[in-house]
Amino acid sequence: MRVYWPTTLTELARVVGAGDLSPAPAVVHAVTRTLRDFYTDADPRDLEEELEYVAMSDAAEQSVRLLGQDPSAAPRRVVLALDVADDAVEVQPDAGWAAPERSRVTVTVPLSLGALASVHVDDAEAEADVRAAVAALAAADAGDEDARFTVEACEGHDLLWYDASELPVLLAVGP
């Protein structure tokens, strides 16, 4: 199963240097039954790709939250796509319809670099919107619709795609 692990560039550099990405259990995002049910009217020809994009977008929003906890991190969302065994993923049966609960799952095995399929990172043009989103998180969580709009504005920036083999170069070059 493809899962999407939200992180930051600072955390990614740290865990890659340590050799493993995350111990078990790890909270990540994936295509879940709830997410499928939410998109029942989607075009079936594009459904899988669309569902994976939504799960990755939910992980990207979680990356913004991680940036809020680490002001020294570069203001870029980072999501790792990893392939893990289906039986290593636990789905919450009572997941809500809203992001990010709709795609949140728990992986019961450690996440390793060997499972890495691709890396997704914002480019420099997204930094201002990411900074604004981080600043607006508390108000958005309190119900402020304008702040929620600011947080969601990050979705206007597509994450850049890097093959797993490009991770060392990405980390060496930095933001």
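Our structure's up above, just so we're on the same page.
(A) Spotlight on the sheet that holds strand 4 (residues 78–83). Taken in spatial order, the 7 strands line up as 5-6-3-1-4-8-9 in an open sheet, and their pairing is antiparallel. The sheet is open, and its two borders are formed by strand 5 (89–91) and strand 9 (160–163), each paired with just one other strand. Strand-to-strand twist in this sheet, taken as the mean axis angle between neighbours without regard to direction, amounts to 35 degrees. With 3 bridges connecting them, strand 5 and strand 6 (residues 104–107) associate as antiparallel partners. Bridge assignment links V89 to a residue of strand 6, and that residue is V107. With respect to the sheet, helix 3 (residues 47–69) is in contact with strand 1 (2–7), strand 3 (26–30), strand 4, strand 6 and strand 8 (116–121), its orientation differing from that of strand 1 by roughly 20 degrees.

(B) Seen up close, the packing of helix 3 against helix 4 (residues 127–141). Remark: helix 3 packs on helix 4, axes separated minimally by 9 Å, with the N-to-C direction vectors making an angle of 90 degrees. For the element pair helix 3 / helix 4, the angle class is roughly perpendicular. Counted together, V64, R65, L67 and G68 of helix 3 and V130, A133, V134, L137 and D141 of helix 4 form the full contact between these two elements. For the contact of helix 3 with helix 4, the per-class residue count stands at 6 nonpolar, 1 polar and 2 charged.

(C) Focus on the nonpolar core. V3, W5, L21, V28, L80, L82 and L111 are the most contacted members of the largest nonpolar core, which has 24 residues in total. Discounting residues that sit within four places of it in the chain, L111 has contacts with W5, D20, L21, S22, A26, V28, L82 and V84. One finds Y4, L51, M56 and A81 within the second-largest nonpolar core, a separate group that totals 13 residues.

(D) Focus on the packing of helix 4 against helix 5 (residues 145–152). One way to put it is that helix 4 packs onto helix 5 with a least axis distance of 8 Å and a crossing angle of 145 degrees. The hand of the helix 4/helix 5 crossing is left-handed. Here helix 4 contributes A132, A133, A136, L137, A139 and A140 to the contact with helix 5, which in turn contributes A147, R148, T150 and V151.

(E) Local environment of the pattern of salt bridges. The full count for this structure, using the stated rule, is 10 salt bridges. For the salt bridge of R36 with E48, the shortest nitrogen-to-oxygen distance reads 2.6 Å. Residue R36 is located in helix 2 (residues 33–38), and its partner E48 is located in helix 3; the two are separated by 12 residues in the primary sequence. The salt bridge partner of D122 is R77, with a shortest N-O separation of 2.7 Å. You can see D122 sitting in the loop between strand 8 and helix 4 and its partner R77 sitting in the loop between helix 3 and strand 4, a full 45 residues away along the chain. Among the residues examined, D122 registers a relative accessible area of 1% and is labelled buried. Residue R77 is classed as buried on the basis of its relative accessible area, which comes to 3%.

The rules behind these values
- Throughout, residues of each chain are indexed from 1 in the direction in which the sequence is written.
- Thresholds applied to this predicted model are a pLDDT of at least 70 for local features of residues and 80 or more for the giving and counting of side-chain atom pairs; totals over whole chains, interfaces and linings are not thresholded and use all residues.
- Side-chain calculation: all heavy atoms of the structure are included, whereas hydrogens and water are not.
- Strands pair, by our definition, only if DSSP identifies at least two bridges between them.
- The helix count covers DSSP runs of H or I at least four residues long, the strand count covers runs of E at least two residues long, and both are numbered beginning at the N terminus.
- Orientation is described by lines fitted to C-alpha atoms, with helices fitted over the stretch in contact, and by angles between N-to-C directions that extend from 0 to 180 degrees.
- Only heavy atoms matter for contacts: two residues are in contact if any of them lie within 4.5 Å across the pair.
- Note on angle classes: values under 35 degrees are labelled roughly parallel, values over 145 roughly antiparallel, values of 65 to 115 roughly perpendicular, and the remainder oblique.
- In this classification, the charged set is Asp, Glu, Lys and Arg, the nonpolar set is Ala, Val, Leu, Ile, Met, Phe, Trp, Tyr, Cys and Pro, and all remaining amino acids, among them Gly, are polar.
- Remark: nonpolar core denotes a set of buried residues (Ala, Val, Leu, Ile, Met, Phe, Trp, Tyr, Cys) joined through side-chain atoms within 4.5 Å.
- To sort residues, take the accessible area from a 1.4 Å probe on protein chains only and compare it with the maximum for the residue type: under 20% means buried, over 50% means exposed, and anything in between is partly exposed.
- Crossing handedness follows the turn of the near helix against the far one: under a right angle anticlockwise gives a left-handed crossing, and clockwise gives a right-handed one.
- Salt bridges are defined by distance alone: a side-chain nitrogen of Lys or Arg within 4 Å of a carboxyl oxygen of Asp or Glu.

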